[in-house]
Amino acid sequence: MSLLLFNFAPSQTWIQVALLVIGIVAVVKSAGWLTDGSVGIATRMGIPQIVIGLTVVAMGTSMPEFFVSLMSALGGKPGLAVGNVVGSNIFNALLIVGVAAMVAPISILHGTVKRDIPFALVASVVLLMLCLDGNISRVDSAILFVLFLVFMYLTLLEARKGMKAGEDSLEQPVNIGVGKASLLIVVGLIGLIVGSEVFVDNASALAHTLGVSDAVIGLTIVACGTSLPELATSTVAASRGNSGIAIGNVLGSNVFNILMILGVTGIISPMSTQGITTVDLSVMVISMILLWLFSFTKYRIERWEGGVLSALFIGYIAYLLCQV
């Protein structure tokens, strides 16, 4: 049953906006609880911290996008589901990296340029090709999910090398009891489901109130809302002189968004890409190409390059608003 209890009349717009905010706050907070609980259980099981960081924590930061897209697809709103992923990836690559680079130039590791960015670019190109027929079928989704498994295999393979070198990925591991960790997981999952439902319903209602499509709302409001954790993490890291975290945060999120989220969501509920145009998908691919090119120059993204990325994001949002 839908959790939206209000009509689409213009007088209800502010109520829809308020519920939209409440929904995303619940989703983001619940994702944090789920991640903390999962990390606590994994730590108790003796799983190496670097593996936890590359799997549990990485998935945890993608939970807002996953549950919003899943509930959108199951609720018959594929425009929101696909738009959320495409919009989030554009938001990540252009605005988050752009803002972080303007705060402090980002140093890029050789391995990131040679492996991680190309993989994120390949994922974007594959999604564009699969969307050309206007649908993401179960076969398409299975292809995405297989690529996700390949990515995780390569990532964990690289992690093993880091473990041998004595590296670790979690500076402050979560050390809590099994009971509290289990409670956090349960509460986090419930919060994600309920918060996502409230967020999706009111995002769709707001789209109808404003006379725009679910896809446009997904590409803008929903995408920005679900990417707020990444934006906050990257901006804070940059302000503390650790802007290199931003690039790994963005790349991991973009790969998870396409391969894991659309892979799993599409297997459960095949989706049409109604409202998502080749322009939107092309901007997603171009943003990754620019990120790769800027990284290649001096293995560093300068402030002016961050300004270019941010300006392109503003231009893209302006283009979407002009289409309304």
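Look a little higher up for the structure.
Residues numbered from 1 in each chain as written. Predicted model: local features only at pLDDT ≥ 70, side-chain atom pairs only at ≥ 80, totals over all residues. Heavy atoms only, no water.

Student: Teacher, can you tell me more about the overall build of the protein here?
Tutor: Broken down by element type, the protein carries 11 helices and four strands. Taken over 324 residues, the protein has a buried fraction of 52%. Pairs at least 24 apart in sequence give 86% of the contacts found in the protein among residues at least 6 apart. Split by element, the accessible area of the protein, about 14100 Å² in all, is 70% carbon and sulfur. (Helix = DSSP H or I, 4+ residues; strand = E, 2+ residues; numbered from the N terminus. Buried < 20%, exposed > 50% of the residue type's maximum accessible area, 1.4 Å probe, protein only. Contact = heavy atoms within 4.5 Å. Areas by Shrake-Rupley, 256 points an atom, 1.4 Å probe, with all protein chains shown as cover.)

Student: Help me understand helix 10 (residues 278-298) in this model?
Tutor: For an α-helix the count is 3.6 residues per turn, leaving residues at separations of three or four pointing the same way. The end-to-end C-alpha distance of helix 10, which contains 21 residues, comes to 31 Å, matching closely the 30 Å that a straight helix rising 1.5 Å per residue would cover. Within the sequence span of helix 10, burial applies to Asp-280, Leu-281, Val-283, Met-284, Val-285, Ser-287, Met-288, Leu-290, Leu-291, Phe-294 and Ser-295. Positive phi appears at Tyr-299, one or two residues downstream of helix 10, with a value of about 50 degrees. (Expected span 1.5 Å × (residues − 1).)

Student: Looking at this structure, how should I read the packing of helix 3 (residues 78-103) against helix 10?
Tutor: Running from N to C, helix 3 and helix 10 cross one another at 35 degrees; their axes reach a closest spacing of 9 Å. In this structure, helix 3 meets helix 10 at a crossing whose hand is left-handed. Taken together, the residues of helix 10 that come into contact with helix 3 (itself represented by Val-86, Asn-89, Ile-90, Ala-93, Leu-94 and Val-97) are Asp-280, Leu-281, Val-283, Met-284, Ser-287, Met-288 and Leu-291. Per-class residue counts for the contact of helix 3 with helix 10 are 10 nonpolar, two polar and one charged. (Axes fitted to C-alpha atoms, helices over the stretch in contact; angles between N-to-C directions. Left-handed = near helix turned anticlockwise from the far one by under 90°. Nonpolar A, V, L, I, M, F, W, Y, C, P; charged D, E, K, R; others polar.)

Student: Which parts of the structure should I look at to understand a nonpolar patch on the surface?
Tutor: A cluster of nonpolar residues, Val-146, Val-150, Tyr-153, Leu-154 and Leu-157, forms a patch on the protein surface that exposes about 420 Å² of accessible area. Mapped onto the secondary structure, Leu-154 falls in helix 5 (residues 138-164). (Patch = residues over 30% accessible without salt bridge, like charges linked within 9 Å, V, L, I, M, F, W, Y side chains within 5 Å. Salt bridge = Lys/Arg side-chain N within 4 Å of Asp/Glu carboxyl O.)

Student: What exactly am I supposed to notice about the environment of Met-288 here?
Tutor: Within the secondary structure layout, Met-288 lies in helix 10. Taking the C-alpha atoms as reference points, Met-288 and Ala-93, 195 residues apart in sequence, are found 6.6 Å from one another. Filtering out sequence-adjacent residues up to four positions away, Met-288 remains in contact with Ala-93, Ile-117, Ala-120, Leu-121, Ser-124, Leu-251 and Asn-254.

Student: I keep staring at the nonpolar core and nothing clicks. Help me out?
Tutor: Here is a general trend for soluble globular proteins: nonpolar side chains tend to be buried in one another's company. Of all hydrophobic cores here, the largest spans 80 residues; its most connected members are Val-86, Leu-127, Leu-291 and Ile-301. In terms of residue count, the dominant contributor to this core is helix 3 (14 residues). Every residue in contact with Leu-291, bar those within four places of it in the chain, is listed here: Ala-93, Val-97, Ile-117, Ile-247, Leu-251, Ile-301 and Leu-309. (Core = buried A, V, L, I, M, F, W, Y, C linked by side-chain atoms within 4.5 Å.)

Student: What exactly am I supposed to notice about the packing of helix 7 (residues 214-226) against helix 11 (residues 303-323) here?
Tutor: For any two helices packed against each other, one specifies the crossing angle of their axes together with the interaxial distance. Running from amino to carboxyl end, helix 7 crosses helix 11 at an angle of 135 degrees, the nearest separation of the two axes being 11 Å. Relative to helix 11, the element helix 7 lies oblique. Contact residues: Leu-219, Thr-220 and Cys-224 in helix 7; Phe-313, Tyr-316, Ile-317 and Leu-320 in helix 11. Of the residues in the contact of helix 7 with helix 11, the class split is six nonpolar, one polar and no charged. (Parallel < 35°, antiparallel > 145°, perpendicular 65-115°, else oblique.)

Student: Explanation requested: the packing of aromatic side chains in the structure shown.
Tutor: Aromatic ring pairs: the centre-centre distance and the angle between the two ring planes describe each pair. Under the definition given, this model contains seven aromatic pairs. Measuring from centroid to centroid gives 5.9 Å for Phe-294 and Trp-304, while their planes differ by 65 degrees, and the two rings are edge-to-face. A residue pair is termed long-range when its members are at least 10 positions apart, and Phe-294 in helix 10 and Trp-304 in helix 11 qualify at 10 residues. An aromatic cluster is built from Phe-145, Phe-148 and Phe-256, whose rings are joined through pairwise contacts. (Phe/Tyr/Trp six-rings, centres within 6.5 Å; stacked < 30°, edge-to-face > 60°.)

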